[in-house]
Amino acid sequence: YDLVLLRQMRDAESARLRATAGLGRETPVGVTDEVHEPSGPLPRLDDLQRLARAHSQELESASVVVERAREQVVQARLVRKPNFMGGLMYMRTGGQDFPGGDPTQDPVRLDLGVTLPIWERKNRAVIEEARELESAARTDLKAQDLKIDSDLARTYFALSSSSRLVALYRDTLIPQSR
């Protein structure tokens, strides 16, 4: 049973190594001549999780999406407020730049505008959509955080299990077989 398990573990780890290195399925993975144990005890899992969170690009990216969604909620709330616009335009039609023009007919234009938020149901729908997008972004952030915990716990278990297997074979099984 142990030999079958070890062969399956070797095949799985070889496939993961090839995928990480970008190698094809047919690329052989050689046998390790000598296995070295880590120089000291493994760091605590919660310390590693804190480091992983601090340096995770996925978590940083998800945090930016949450912040952007929060700003969209603020912008959506502004849809309920009237929007005032104003402009002034002057056009020269005479003078030395326009020979033959009449400088007394230079038009001046004044523009004023007001956008009134009269579509209350539409405005509420825009705000609700922005809130839902913010909620979805927060959920994605939490999912990224949980994924970091899960991936790290799985890797930590594999590392500690491998370390125990190396110690078992080096200290017990190999000396007994000789």
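Cut-off values and rules
- Residues numbered from 1 in each chain as written.
- Predicted model: local features only at pLDDT ≥ 70, side-chain atom pairs only at ≥ 80, totals over all residues.
- Heavy atoms only, no water.
- Helix = DSSP H or I, 4+ residues; strand = E, 2+ residues; numbered from the N terminus.
- Polar contact = N/O pair within 3.5 Å; in protein donor to acceptor, adjacent residues only side chain to side chain.
- pLDDT = per-residue confidence, 0-100.
- Expected span 1.5 Å × (residues − 1).
- Buried < 20%, exposed > 50% of the residue type's maximum accessible area, 1.4 Å probe, protein only.
- Arc of directions from axis to C-beta.
- Contact = heavy atoms within 4.5 Å.
- Pairing = 2+ DSSP bridges.
- Axes fitted to C-alpha atoms, helices over the stretch in contact; angles between N-to-C directions.
- Parallel < 35°, antiparallel > 145°, perpendicular 65-115°, else oblique.
- Left-handed = near helix turned anticlockwise from the far one by under 90°.
- Nonpolar A, V, L, I, M, F, W, Y, C, P; charged D, E, K, R; others polar.
- Salt bridge = Lys/Arg side-chain N within 4 Å of Asp/Glu carboxyl O.

Another aspect to go through is the side chain of Ser160. Considering the arrangement of structural elements, one finds Ser160 in helix α4 (residues 120-177). From its side chain, Ser160 meets the backbone oxygen of Phe157 in a polar contact 3.1 Å long.

This part takes up the confidence of the model for the chain. Do not read the fine detail of predicted coordinates wherever pLDDT is low. Per-residue pLDDT for the chain averages 85, and the proportion of residues at 70 or more is 89%. The element-level mean pLDDT for the chain is lowest in helix α1 (residues 2-21), coming to 80, with helix α3 (residues 57-78) highest at 95.

Time to look at α3. Taking 1.5 Å per residue, 22 residues should reach 32 Å; α3 reaches 32 Å between its end C-alpha atoms and fits that length. Residues Leu59, Ala62, Val66, Ala69, Val73 and Ala76 constitute the buried set of α3. The arc enclosing the buried residues of α3, seen along the axis, measures out at 95°, which places them on a common side. For α3, exposure combined with an orientation more than 90 degrees from the buried face picks out Gln57, Glu60 and Gln75. Structurally, α3 contributes buried residues whose contacts are with α2 (45-54) and α4.

What follows covers the pairing of strand β1 (residues 83-90). The buried fraction of β1 amounts to zero of the eight residues, a small share that puts the element mostly on the outside. Pairing of β1 with strand β2 (residues 108-115) involves eight bridges; the strand directions are antiparallel. Residue pairing for β2: Tyr90 is matched across the bridge by Val108.

α4 packs onto α2 with a crossing angle of 135° between their chain directions and a minimal axis gap of 10 Å. It follows that α2 is oblique to α4 by the angle criterion. Considering how the two elements wind past one another, α2 and α4 form a crossing that is right-handed. Facing α2, whose interface residues are Leu45, Leu48, Gln49, Ala52 and Arg53, α4 presents Asp145, Ile148, Asp149, Leu152, Ala153 and Tyr156. Of the residues in the contact of α2 with α4, the class split is seven nonpolar, one polar and three charged.

Looking at the secondary structure, you find Asn123 in helix α4. Along the sequence, Asn123 and Leu78 sit 45 residues apart, while their C-alpha atoms lie 9.4 Å from each other. Apart from the residues lying within four places of it in its own chain, the contact partners of Asn123 are Val79, Arg80 and Pro117.

This part covers the pattern of salt bridges. Evaluation of the coordinates by the stated rule reveals 14 salt bridges. Across the salt bridge formed by Arg44 and Asp47, the nearest N and O atoms sit 3.5 Å from each other. One salt bridge connects Arg109 with Asp111, and the closest N-O pair in it is separated by 3.0 Å. On the basis of relative accessibility, which here comes to 32%, the residue Asp111 falls in the partly exposed class. Connected through salt bridges with shared partners, the residues Arg44, Asp46, Asp47 and Arg50 form a single ionic network.

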